[in-house]
Each structure stands twice: as structure tokens, then as C-alpha cells.
Amino acid sequence: MSNGNSTMKKMLLGLVVLAILSPVGVILPDMFKAGSAWGEWDTNEIQKMVGFVPQGMKNLADLWQAPMPDYSFKGWEEKGLGMQSLAYVISAAVGMGIIGGIALLFGKIVKQKE
Amino acid sequence: MHIPDGYLSPQTYVPFYAFIIPYLGIAARKVSKVLRSRHVPLLALGAAFSFVIMMFNVPIPGGTTGHAVGAVIVAVILGPWAASIAVSIALIVQALLFGDGGITAIGANCFNMGVVIPFVGYYIYKLISGSSEITSPRRWVAGAIGGYVGINVAAVIAGIEFGIQPLIAKAPDGHPLYSPYPLSVAVPAMAIEHLMVFGIVEALVTALIIIYLQKSDKTLLTIYGGAR
């Protein structure tokens, strides 16, 4: 028997640390004045960059209203970096919980017996 | 690399959906043949890790941002099929819950990040690591190169998906209907930023975890190969 369980506990702890550190992912881009990822601009940015918004893009862009858009909450866009960081940590925790839960469920359904 | 809604035409995103749905079914069957009960938590940890590492946006000063995907380290530990499942779960939740990546683009995004990165990365890792000892430095070097190449191949493919849009979907007046930049802009843009920055991030993530596992629990590096 390996020490697999203790490694998995350490990995889980590692994920908790990553969730707490996740605001680095909003603070660094802010510090270095980096914008959206390439090809992930919203229609306002496209308008500025290209001079128009392609018709098909206009039709599809707002197809889906995500409950926690951009790892934040609706109306928190103007709340500054501190609140954005808090929203980010909450998003990391919620996202990991849901994704880990789905993967766990999937694994339990398909797994081989020992 | 999370393509939003509105960038891909239906003639692009529909075929990707048509591919990814049966693909994930096949992946589930492949995983069911090798996944042992005690490794199920690893699959969950892998999916959660891929999700959270994608939140670490790395800036190019004054330019764009990007991130690692964590797909290659999951593939190294659990195999590329399991990595496809783990990363795809993360991508689908990112699209639905956080609006990161479009609903229409789920098929394409799962293909780029959930199929291309783990398969390219894993087979490069396997090729380079060969029959070396589990604790050999060759293993983490192989992981680093697998991570670097895997994410770069996916970036070029995403660049092609963006770049063909002005060719295949035009309004009667000649204006593009979806992603407006041609291949000559989209492919180099996606390639250069991943070659210079984000590829290195995926390489580091992969190599550091392999080094950690070599020191702390090397059995985790024998799961996939050893399971057959």
C-alpha cells in the first residue's frame, strides 16, 4: 500500500492554497495593464478595435447569462480590486466544489473494483 | 483560449459539438476500463486543479493575458482519456457558471484544451521519458516539453478556428459575421504569446508537480502505464 491517501490530502490542501492565492490572477494583469485574452474580447472592445461588431457575433454574444460572470457577481464590476479578489476566491471555491463533485460522481459510476 | 460565444460560426461550432459528444462517451468507456476505486479522488482533484490553475491569468505587460490548463499533468498521472474528462468537466462548468468560454463554443473549447493538449502532451511525455526510472530527471523534462508543446499546438489550432471565420462566414457586404481577424493575424497572435509565455507556464506547472511526486509519492506516476 502506498502513502497515496496522505498525498491526496496534501493535494487537497494544495488546492485550498491555490484558491486563496487565485486573486493573483486578477491583480497581476491589473498591475501590468494587460487586457483580455486574445480572442476573448467583449463586443465593446471589438467595436473599439475593429470599428464595428460583426452581425453574427452581435446575435450570439449575449446568448448566455452566466450566474457568476467572469468569476464575480453581477454589479461588482466597479467595486475595485479588493472585492474582485474576494469574488475570485469565492468563485475558485464554488467552482472547485462543483467540478470536483461532478468528477467524483463520474468516477464512482465508471470505476473498476479493486 | 476560451473561445466566447459569437466568435465561431455555426458551421464551425456544430461540427465540434458533433465530435465532442461521442468523443466524451468513448473517453468515459476508456476510463471505466482502467480507473480504480482508489484513484477516483485523483480524477476529482485533477479536474479541480485544472479549473483553478486556469484562473491564474498571467499578463503580458500592456497586452493580453493567458494561463496554464493543467491538462498535461493530469494526463501524465491518469492518462489522456481521463484528462479529457477532467478538463472537459472544468470547461463546461466554466462556460455555464462563469461565462468563461461560450456555450456554443463548448465543443471547440473541449477539443482544443481537453483533447489536443492532453494527447499531444502525454505522448510527448511518454516518448521522451521512455523507459527511464520513475525518479529520473528525464521524466520532468519530458513533462515540461509535453506541457509546452501541447498547449502550443492547441493555441495554433484555436488560432486556425478564429482565422477561418472571415473566410467561411461573410455578410453580403463582405464584412465578417463572426471572429473578424484573418488567419494571418489570428494564428501568429495565438502562437507567439503561447510560445513566449503561456507555454512556459504549462511546462512549469507540469514539471514542478512531477518533481514533487518523484520526491513524495512516485507510485502516482505509475498509475496509467502500470494499469494496463
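First, a word on what this report is: a plain description of the structure on this page. (Residues numbered from 1 in each chain as written. Chains lettered and ligands numbered in written order. Predicted model: local features only at pLDDT ≥ 70, side-chain atom pairs only at ≥ 80, totals over all residues.)

### Here we look at the overall build of chain A
In terms of helices and strands, chain A carries five helices and zero strands. Beginning at the N terminus, the succession of helices and strands in chain A can be written as α-α-α-α-α. Its C-alpha atoms give chain A a radius of gyration of 19 Å, more than 25% over the compact-globule value 13 Å for 114 residues. For chain A, the C-alpha atoms occupy an extent of roughly 65 × 35 × 25 Å along the three principal directions. When burial is assessed residue by residue, chain A has 28% of its 114 residues classed as buried. (Helix = DSSP H or I, 4+ residues; strand = E, 2+ residues; numbered from the N terminus. Rg over C-alpha atoms; globule rule 2.2 N^0.38 Å. Buried ≥ 20, exposed ≤ 12 C-beta atoms within 10 Å, placed from the backbone.)

### Comments concerning the environment of B:Gly66
Turning to its location among the elements, B:Gly66 is positioned in strand β2 (residues 65–66). Classification of B:Gly66 by C-beta neighbours within 10 Å gives buried; the count is 29. Sequence-wise, B:Gly66 and B:Phe198 are 132 residues apart; in three dimensions their C-alpha atoms are separated by 6.1 Å. In contact with B:Gly66, not counting residues within four places along its chain, are A:Ala37, B:Val58, B:Glu193, B:His194, B:Val197 and B:Phe198. (Contact = placed C-beta atoms within 7 Å.)

### Section: the interface of chain B and chain A
Between chain B and chain A, the residue contacts involve 64 residues of the former and 60 residues of the latter. For the side of chain B that touches chain A, the element with the highest residue contribution is helix α2 (residues 40–53) of chain B, accounting for 11 residues. Classifying every residue of the side of chain B that touches chain A gives 42 nonpolar, 17 polar and five charged. (Nonpolar A, V, L, I, M, F, W, Y, C, P; charged D, E, K, R; others polar.)

### A closer look at the nonpolar core
Counting residues in each nonpolar core, the largest one holds 113 residues, and the members touching the most others are B:Val52 and B:Ala86. Top contributing element to this core by residue count: helix α6 (residues 137–163) of chain B, with 14 residues. (Core = buried A, V, L, I, M, F, W, Y, C linked by C-beta atoms within 7 Å.)

### With respect to unusual backbone geometry
Residue and element names in this part refer to chain A. In this model, Lys 33 sits at a positive phi of 50°, which is unusual for a non-glycine residue. Position of Lys 33 relative to the elements: it lies in the loop between α2 (24–31) and α3 (43–50). Classification of Lys 33 by C-beta neighbours within 10 Å gives exposed; the count is 10. One non-glycine residue with positive phi stands out, namely Asp 70, at about 55°. Here Asp 70 lies in the loop between α4 (55–61) and α5 (80–110).

### A look at the packing of helix α1 (residues 10–34) of chain B against helix α5 (residues 106–129) of chain B
Residue and element names in this part refer to chain B. The contact between α1 and α5 brings their axes to 7 Å, and the two run at 55°. By the angle class used here, α1 and α5 are oblique. Taking contact as the criterion, the partners of Thr 12, Tyr 13, Phe 16, Tyr 17, Phe 19, Ile 20 and Tyr 23 in α1 are, on α5, Gly 107, Ala 108, Cys 110, Phe 111 and Val 115. Partitioned by chemical class, the residues of the contact of α1 with α5 number 10 nonpolar, two polar and no charged. (Axes fitted to C-alpha atoms, helices over the stretch in contact; angles between N-to-C directions. Parallel < 35°, antiparallel > 145°, perpendicular 65-115°, else oblique.)

### Observations regarding the environment of B:Tyr224
Residues and elements named next belong to chain B. Structurally, Tyr 224 can be placed in helix α9 (residues 223–226). Sequence separation of Tyr 224 and Pro 80 is 144 residues, and the distance between their C-alpha atoms is 9.1 Å. Apart from residues no more than four positions distant in its own chain, Tyr 224 is found in contact with Ile 77, Leu 78 and Gly 79.

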